Each structure stands twice: as C-alpha cells, then as structure tokens.
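Breakdown of the fold
If you want the building blocks of each chain, they are given just below.
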Amino acid sequence: MTGDAANWITAGNNLRAAGDGGVGIVLVLIAEAATAYTAGSAGPTVDAVAGTEGLVVTVPTYAEAADPAKGHVDSVTKAVCDTIETIVPTPVAPINDNDNISTDEEDSGPNNGDGNNDGVKDSEQTSVTTAVNNVLGAYTTTETSGDCTQITDVSFYAESSLAATDPSYDYDLGLHGFTVECSSTGGTVDVTYYWDKVYDTDDWNYRKFNASTNTFLDFNDQVTYGTVVLGESTVTTVSYSVTDGGEFDGDGVANGSILDPIGPSEASISAPNTGFSQTTNITLYALLGAGLALSTVGLYGYKKIKR
Ligand SMILES: [Ca+2]
Ligand SMILES: [Ca+2]
Ligand SMILES: [Ca+2]
Ligand SMILES: [Ca+2]
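Residues numbered from 1 in each chain as written. Chains lettered and ligands numbered in written order. Predicted model: local features only at pLDDT ≥ 70, side-chain atom pairs only at ≥ 80, totals over all residues.

Along the chain, the regular secondary structure elements total eight helices and 14 strands. Across the 307 residues in the chain, those meeting the buried criterion constitute 29%. Considering only contacts within the chain whose residues lie at least 6 apart along the sequence, 67% involve residues at least 24 apart. (Helix = DSSP H or I, 4+ residues; strand = E, 2+ residues; numbered from the N terminus. Buried ≥ 20, exposed ≤ 12 C-beta atoms within 10 Å, placed from the backbone. Contact = placed C-beta atoms within 7 Å.)

Okay, the sheet that holds strand 11 (residues 224-230) next. In sheet architecture, strand pairing relies on hydrogen bonds along the backbone and comes in two forms, parallel and antiparallel. Strand order in this open sheet of five strands is 3-4-8-12-11, and the pairing throughout is antiparallel. One side of each edge strand has no neighbouring strand; the edge strands of this open sheet are strand 3 (128-133) and strand 11. The average angle at which neighbouring strand axes cross in this sheet is 25°, direction not considered. Inspection of the sheet shows strand 3 paired to strand 4 (residues 138-146) by six bridges, in the antiparallel sense. Considered in strand 4, the bridge of Val132 is made with Tyr139. (Pairing = 2+ DSSP bridges. Axes fitted to C-alpha atoms, helices over the stretch in contact; angles between N-to-C directions.)

In the predicted model, the chain carries a mean pLDDT of 79, and 68% of its residues have values of at least 70. Every residue in residues 271-307 scores below 50 in pLDDT, and together they form six contacts with partners more than four places removed in sequence or on other chains. (pLDDT = per-residue confidence, 0-100.)

So, on to the pairing of strand 10 (residues 215-218). As paired elements, strand 9 (residues 205-210) and strand 10 share four bridges and run antiparallel to each other. Of the residues in strand 10, the one forming a bridge with Phe209 is Phe216. Hairpin connection, strand 9 to strand 10: the antiparallel pair is bridged by four residues, and Asn214 has positive phi, about 55°.

Turning to the nonpolar core, a few remarks are in order. Where a protein is soluble and globular, its nonpolar side chains tend to be buried together. Among the nonpolar cores identified, the biggest contains 30 residues, and Val180, Val189 and Ile258 are the most heavily contacted of them. Among the secondary structure elements, those contributing two or more residues to this core are strand 5 (148-157), strand 7 (175-182), strand 8 (188-194), strand 9, strand 12 (233-243) and strand 13 (257-259). With residues up to four places along the chain from it excluded, the contact list for Ile258 reads Cys148, Val180, Cys182, Val189, Val242, Asp244 and Asp249. (Core = buried A, V, L, I, M, F, W, Y, C linked by C-beta atoms within 7 Å.)

Residues other than glycine seldom take positive phi values, yet Asn100 does so here, at roughly 70°. Among the secondary structure elements, Asn100 is positioned in the loop between helix 5 (72-87) and helix 6 (103-107). The phi dihedral of Asn112 is positive, around 55°, even though this residue is not glycine. Mapped onto the elements, Asn112 comes out in helix 7 (residues 110-113).

The sheet contact formed by strand 11 and strand 12 spans seven bridges and is antiparallel. Following the sheet pairing, Thr224 is matched in strand 12 by Ser239. Linking strand 11 to strand 12, which pair antiparallel, is a turn of two residues; within it Gly231 sits at a positive phi near 60°.

Attention now moves to the environment of Thr227. Tracing the backbone through its elements, the reader meets Thr227 in strand 11. The partly exposed category is assigned to Thr227, around which 14 C-beta atoms lie within 10 Å. Between the C-alpha atoms of Thr227 and Val238, which are 11 residues apart in sequence, the distance is 8.4 Å. Non-local contacts of Thr227, meaning those with residues more than four positions away in its chain, are made with Val198, Thr234, Val235, Thr236 and Thr237.

What follows covers the environment of Thr141. You can see Thr141 is positioned in strand 4. The sequence separation of Thr141 and Ala131 amounts to 10 residues, and the corresponding C-alpha distance is 6.5 Å. Sequence-distant contacts of Thr141, that is, excluding residues within four places in its chain, are made with Gly109, Gly115, Asn116, Asp122, Val128, Thr129, Thr130 and Tyr194.

Here we take up the environment of Val238. Following the sequence through the fold, Val238 ends up in strand 12. Overall, the presence of 22 C-beta atoms within 10 Å leaves Val238 in the buried class. Separated by 26 residues in the primary sequence, Val238 and Pro264 have C-alpha atoms spaced 9.9 Å apart. Excluding its chain neighbours within four sequence positions, the residues that come into contact with Val238 are Tyr193, Tyr206, Val223 and Tyr225.

Shown next as structure tokens:
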C-alpha cells in the first residue's frame, strides 16, 4: 500500500460489496483510478457492475499491475478464464461409461433411456446397460450392483449360435449375457435383467450356459421373477447373483470378471435325450408302421395261400 491506502480500501470495499453475485467481474485498480473514484466523482457506479465474486487487485501504478513478477497478470488471467467459464459453460462431453453400448443406443431405450427406472440415464451409468436384444428385436436392460459394477459388454444369443446346444431344453427367447468387472477377485454381482414386456414365467426354467465347459446348468432356483413399471409399460424382471469363480461364473475362474450367458428355457417337446433324436424317433415309428403293414400283408398272403 502506498500513502493512498485509505483510497484503496474504500474503492476495494465498495467493489467487493457491489452486485448481487453470480457473474464475476474482474477489475484492476490502479492508484489514479482509485483516487478518482474516492475523490467524489459521482461516476458510473462500479459497485453496480462488480459482483461479489469480483477480483480486486490494488496496485499503485500501471507498471506494477503489468509486472509479471508481481503475479497480478496471472491472477487476473485466471479470474477472467473462471468468469468466462461461468458465463459460457464448457460443453459437457458425453460420458463414456465403457459398457460397449453407444450413448445413442442407450438413450433410445425405454423410459427415455432409463431402462431400470432409477432416475439416471443408463448411458451415464457403468452399472446399467440398455441395448437392443437382437434375438427379441427389442430393448432390454441389464443392471448390476454389489462387488461388480463395471459392465464391459452385453450380448444376446440364439441357442443355435452357442458352441453347444441344450439337448433337453429350448430357448425360444434366446439367452442374455454380460461381462462385468469386479472391484476384487471373487466378488459377487447382483443382477436384475429387465425384459421388454410382461411374460408368463410359470413355465420358464432359467438355465445357464457355461462357456468354459460348453454345458448347461439348471439355474431356476437361483432367480427371482418380478415386474416393474417403466413409464407407460410394465416388464418382467429376473434377479439373481453370481460369484466370480463360482459354479455359475461362465468363465469358470476367479479373475475379477464374471461372464454370464443365461436364459429362460422350456423343456423340449421331444423326450429328454435318450440317444434318439426326434428325427430318429419319427423314422422308427415309420419303420414300425411299415413292419405292421408288411405283417398284415404277410398274414393276408398266408391266409390266401392256405385257402
Ligand atoms: Ca454406454
Ligand atoms: Ca438408469
Ligand atoms: Ca450404461
Ligand atoms: Ca470369473
């Protein structure tokens, strides 16, 4: 401060007290201006334009205000940038939730892109993924919680596309699956899968495909069915848990990641696999029929010969 300290204090305090907040105004006072301001000049009311966020730097001379070594230039530059950000917010870059489903696809899903109805767009949630189930031709949503909440992929499979098919069960609605990363090895994920509409689950029998052994496991006693209202529609949900490295982890290893192909099945129309395929059975019936016809003809011929 120089001998004009009182002027500086008055000017600075007036500026700080001015305005109603909100937008920051940056002012640099130099001695002459401060003196003029407090000398009774009615002048424009700088108070009116200086917000409470305003930066007031008081220096005795222009030279000092401009002297980089004094740091005023840096502080004013920073304040200007902060002010500009306040006035013109930086566009928010789309959040990459790393679930391998585009923001556009998730935002196009049911309930305005909030397929699990938690008030947050699924495109902004690593733990929630809405995607087109290409077996159904409809959107479905996968929601994870617990130890594993970074979904890295979701997939949908026709049974015929798997490395093995289930001999005793059919999966008319396909299977749904995901890969999720866990916060620790051996973690457990709690999953809720949101179907596209309400289904009659009475005959459903959820089974799990283990990709490491190419076998299907009965999973129905592990799942809980429910319904949820999504906007104007109601959908079936299925909830269950899977532990990394456990029996139902599709990759079969405790490695901090869970693989989960699963789906509702119904028992095949044909009898459980006995070694005969359905085609074989039909052929067998045809042969039996032919045999019956032959024996009738034989019997008739026998009778004819005898007569
Ligand atoms: Ca996404
Ligand atoms: Ca959501
Ligand atoms: Ca997401
Ligand atoms: Ca695993």
